[in-house]
Every structure is written in structure tokens, then in C-alpha cells.
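Below, each chain spelled out in residue letters.
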Amino acid sequence: MSKLYAISGVTGMTGNELVRQILVEGSTDHILGFDNFYASSIETVSDHIDDERFEFFEYDLNDAAQMEDFESRVRAQAGDYDEVIYINCAAVVHTEHFYHVYETFETNVEGMNNFLQQAIRVGAGKYINCSTSEVYSMNSWNENGGVKESDYLTMAVAEHSQRTSYATGKLLTEFFMKDAVDEGRIKGCSIRFANVYSKDERYPKHIIPFIINSFRDHGKVVLLENSRRNRRTFLNNYDSCSAVLALAATDSALDGTVYNVATDEEISIIDLAKLCAKKMGIDDPVIEFSGYRASDPERRLLSTEKIRTRTAWKPAVTLEKGLDECISNYLKQA
Ligand SMILES: NC(=O)c1ccc[n+]([C@@H]2O[C@H](COP(=O)([O-])OP(=O)(O)OC[C@H]3O[C@@H](n4cnc5c(N)ncnc54)[C@H](O)[C@@H]3O)[C@@H](O)[C@H]2O)c1
């Protein structure tokens, strides 16, 4: 069975690994992908840029004419494949942008919905919506194996910080997804990822590259005051993509609902810094603290029982292995 994938944000962390996992040797699948390089570059897909099964467009999700052209390209090829699958990875993601309400609204909410409507218009069978574990906001952990998709939410609001605009926008996309499936227009689901990282990450402010690059360049790391208490799990982009593909391949899971995708390897940020230092051969690392981020929960621990029950997905990359790959890659770039 051959598939045509339409992927937004294809050069981003999740998108570029999707290209790799879809276009394995012998695959007859095809990808039409676009990105406006807001937070990535063409280098992330350099290994497949000459692959005739991959067509890349430097397009913006918010540009109507470019999206019209993309839609006509999907339409032109849809009949050659057994299934058309839309995956929406394009988003304004990183913490420094969380505070920009209009930017996140335009791309993450309107852009997501426009791309969903396009998928419905071309008659695509499936739409995968990348949401976020940020929607759990201040209640993003519990002592019973982590928060579940069905748990009620306690959001930090504008009284506390503009940061939650990112989470509330993403939360709204989960309603668009559910509505489209309930109305019988398409199959699909939303995915709440928690803290995705990659050995090829281009974004130096993300915590893993930030720690490694700080030790590499300055021999010390300066963390936010929040890091004295904060603990997180980290999801390698190999595993975020394998979850997308596992869900896309499981029709019974595409009921419009939400899936947590995370690991349960929780680590404090201080221990993460110490572990990176140890792997880099630094015996007595200097860790300093400065600055504070409001509305940043102390822990984010997700139950992944739902996706594990409904698909065969489980994370394959341990934090130890993922960090080894990051360190070896970032040290090469020095
Ligand atoms: N990175 C994380 O920790 C994390 C956590 C939870 C959820 N998510 C979600 O997963 C999805 C994928 O994120 P990612 O980790 O690959 O982040 P990423 O920033 O690496 O990828 C997003 C891509 O979207 C592109 N983009 C942004 N605005 C665009 C626009 N207007 N038009 C076209 N392309 C645009 C960016 O250039 C980037 O390549 C996003 O929806 C994100 O919200 C990510």
C-alpha cells in the first residue's frame, strides 16, 4: 500500500525525522513537504533532498497563494496512491516565542485549521495534529503514573503569564481535530509531545543543546532559578516520529482524540546538567542560576498508557543514548 504524505514544517525536528522514517529503502511512499525556515534549515533533510520521492517547497503555512499551490500539487498526485495522510508539524514552538500571542495564534491555530480544511478538501484519509504537553500547564504531573489525556486541566492564565497562549492555542486545535472526526470528514488525532530533542537540533536555547554548548564554550552553565526544582522527561525525535507513524497506521486509534507521547525517564534539570558534564569529561561542573520563568510547572510527567494500549509504540531511545548522540554531534560542530 503506497501513501502520499503532505507534511508542514518538514525541516523541523519532527518533520525531518519523518522524512527519514517514511523514505526507508524500498518504500514506495511519496512526500510533499514545506517549511518557511522559521526555525530550521534545508540542511536537516539534506540526506533526502535529491530523493525523487521527496518534494520540498519553501512555503509559509500562512501564505494563502502558496497553500493553494501546495493543495493543487497534492490533488494532482493523490490518485496515484492508496492513501493521503496530512501531518501538521509547522508551528511556532520555542519557549521564547510562547509569549507572542498573535504569532502563535496565526500559525498554530489558524494555520493548523486551514491545513486541516485543505486535507478535508483534497479528500485525505487522515490528519495528524501535533499538539503539546504544555496544555497540562500547572497540573502536568501526578503521583499515579503521570497525567492522562482525560484529566481536567488547570491552566495558568494571562494573570500569570502570556506563556500559556501557546498552550491554549494548541488546546483549541485539539477541538478542531475532534470536530472534524466527529463530523465524519476525516480520521485523525492530536498528539501531546513532551520536550522533544534531537541530535541535529538547530535551536541553541533548548535545554539540552544549551547545556552542552555552554559547557563546551564557557566551561560552565547558567540555568534559570526554576531549574533548582524542575524535573522533565525528554523525547528523542526518533520516538516522536515513530509515534506519529504508529498512530497514522492504526485506523482504530484515529478517533479524533488526544494521545500523550513521552518517556517516563524523569530527570531534574540539575542532574541533566551533571550527566552531560560527566559525559563530556568534566568532573566538577560549574552550575549557576539566574532568571526566573513564570508559569513553568515543576514537573511534566505524562501517562502513555493510551498510545501503548492502542498501538505497538514505545520509546526506543534512552536518555543516555540520546545524550551521547547529541554530545558527539555538538562537539563535532565546535
Ligand atoms: N519540540 C518540542 O519539545 C515539542 C513539544 C511538544 C509539542 N511539539 C509540537 O510538535 C510539532 C513539531 O515541532 P518540532 O519539535 O518539530 O519543532 P520545530 O520548531 O523543530 O519544527 C517546527 C517547524 O515549523 C516551521 N514553521 C514555523 N512556522 C511556519 C510557517 N508559518 N510555515 C511553514 N513552516 C513553519 C519551522 O521552521 C520548523 O521547521 C509542533 O506542532 C510543536 O508544537 C513540540
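Residues numbered from 1 in each chain as written. Predicted model: local features only at pLDDT ≥ 70, side-chain atom pairs only at ≥ 80, totals over all residues.

(A) Just the overall build of the chain, in detail. Each helix and strand counted, the chain has nine helices and 13 strands in total. For 334 residues, the compact-globule estimate of 2.2 N^0.38 gives 20 Å, and the C-alpha radius of gyration of the chain, at 19 Å, lies within 12% of that figure. Based on the C-alpha atoms only, the size of the chain along its principal axes is roughly 60 × 45 × 35 Å. A sequence separation of at least 24 residues applies to 80% of the contacts in the chain between residues at least 6 apart. (Helix = DSSP H or I, 4+ residues; strand = E, 2+ residues; numbered from the N terminus. Rg over C-alpha atoms; globule rule 2.2 N^0.38 Å. Contact = placed C-beta atoms within 7 Å.)

(B) Representation of the site of the ligand within the structure. In the vicinity of the ligand there are 29 residues, among which Gly9, Gly12, Ser40, Ala91 and Cys130 approach most closely. Elements with a contribution of two residues or more to the shell around the ligand: α1 (13–22), α3 (101–121) and β5 (126–132). Looking at the shell around the ligand residue by residue, the class counts come to 13 nonpolar, 14 polar and two charged. (Near = placed C-beta within 6 Å. Nonpolar A, V, L, I, M, F, W, Y, C, P; charged D, E, K, R; others polar.)

(C) Quick look at the nonpolar core. With 84 residues, the main nonpolar core has Ile87, Cys189, Ile191, Ile211, Val244, Leu247 and Cys276 as its most contacted residues. With residues up to four places along the chain from it excluded, the contact list for Cys276 reads Ile211, Ile212, Phe215, Leu323 and Ile327. (Core = buried A, V, L, I, M, F, W, Y, C linked by C-beta atoms within 7 Å. Buried ≥ 20, exposed ≤ 12 C-beta atoms within 10 Å, placed from the backbone.)

(D) Geometry of the pairing of strand β1 (residues 3–8). Counting buried positions along β1 gives five out of six residues, so the element sits mostly inside the fold. Sheet topology note: the β1/strand β4 (residues 83–88) ladder contains six bridges and is parallel. Looking across to β4, one finds that Ile7 is bridged to Ile87. This β-α-β element, β1 to α1 to strand β2 (residues 30–34), shows right-handed connectivity. (Pairing = 2+ DSSP bridges. Right-handed = clockwise from strand over helix to strand, strands pointing away.)

(E) The packing of α1 against helix α6 (residues 237–248), seen in detail. Axis separation between α1 and α6 bottoms out at 9 Å; the angle between their running directions is 65°. By the angle between their axes, α1 is roughly perpendicular relative to α6. Where α1 crosses over α6, the handedness of that crossing is right-handed. For the pair α1 and α6, the contacting residues are Met13, Thr14, Glu17, Leu18 and Gln21 in the first and Asn237, Tyr238, Ser240, Cys241, Ser242, Val244 and Leu245 in the second. Of the residues assigned to the contact of α1 with α6, the class counts are six nonpolar, five polar and one charged. (Axes fitted to C-alpha atoms, helices over the stretch in contact; angles between N-to-C directions. Parallel < 35°, antiparallel > 145°, perpendicular 65-115°, else oblique. Left-handed = near helix turned anticlockwise from the far one by under 90°.)

(F) Region of the structure containing α6. Helix length check: α6 (12 residues) gives 16 Å between terminal C-alpha atoms against 16 Å at 1.5 Å per residue, within 8%. Burial analysis of α6 places nine of its 12 residues in the buried class, which makes it a mostly covered element. Looking only at α6, the buried set comprises Asn237, Asp239, Ser240, Cys241, Ser242, Ala243, Val244, Leu247 and Ala248. (Expected span 1.5 Å × (residues − 1).)

(G) Quick peek at the environment of Phe54. Relative to the helices and strands, Phe54 resides in strand β3 (residues 54–57). Residues Phe54 and Tyr5 lie 49 residues apart in sequence; the distance between their C-alpha atoms is 9.6 Å. Among all residues touching Phe54, those that are not within four sequence positions of it are Val19, Leu23, Ile31, Gly33 and His48.

(H) Local environment of the packing of helix α5 (residues 207–218) against helix α7 (residues 269–279). Look at α5 against α7: their axes get within 10 Å of each other, and the N-to-C directions meet at 45°. As summarised for this structure, α5 and α7 are arranged oblique, according to the angle between their axes. Taken as a pair, α5 and α7 cross one another with a handedness that is right-handed. Each of Ile207, Ile211, Ile212 and Phe215 in α5 lies in contact with α7, whose residues at this interface are Ile269, Leu272, Ala273, Cys276 and Ala277. Here the contact of α5 with α7 is built from residues that sort into nine nonpolar, no polar and no charged.

(I) Just unusual backbone geometry, in detail. Phi angles above zero are rare outside glycine, and Phe37 is one such case at about 60°. Along the chain, the position of Phe37 falls in the loop between β2 and β3. Even without a glycine there, the phi angle at Ser137 is positive, about 45°. Relative to the elements of secondary structure, Ser137 occurs in the loop between β5 and α4 (164–182). Classification of Ser137 by C-beta neighbours within 10 Å gives buried; the count is 22.

(J) Here's a closer look at the sheet that holds β1. Pairing is parallel across the open sheet formed by seven strands, whose spatial order is β3-β2-β1-β4-β5-β6-β11. The sheet terminates laterally at β3 and β11 (255–261), the two strands that pair on one side only. On average, each strand axis in the sheet is tilted by 15° relative to the strand beside it, whichever way the strands run. One ladder, built from four bridges, connects β4 with β5; its direction is parallel. When the bridges of β5 are listed, Tyr86 appears paired with Tyr127. Here α1 sits on the sheet and contacts β1, β2, β3, β4 and β5; the angle it forms with β2, its principal contact strand, is near 165°. Contacts between helix α2 (residues 64–78) and the sheet are confined to β1, β2, β3 and β4, with β2 contributing the most and set at about 175° to the helix.

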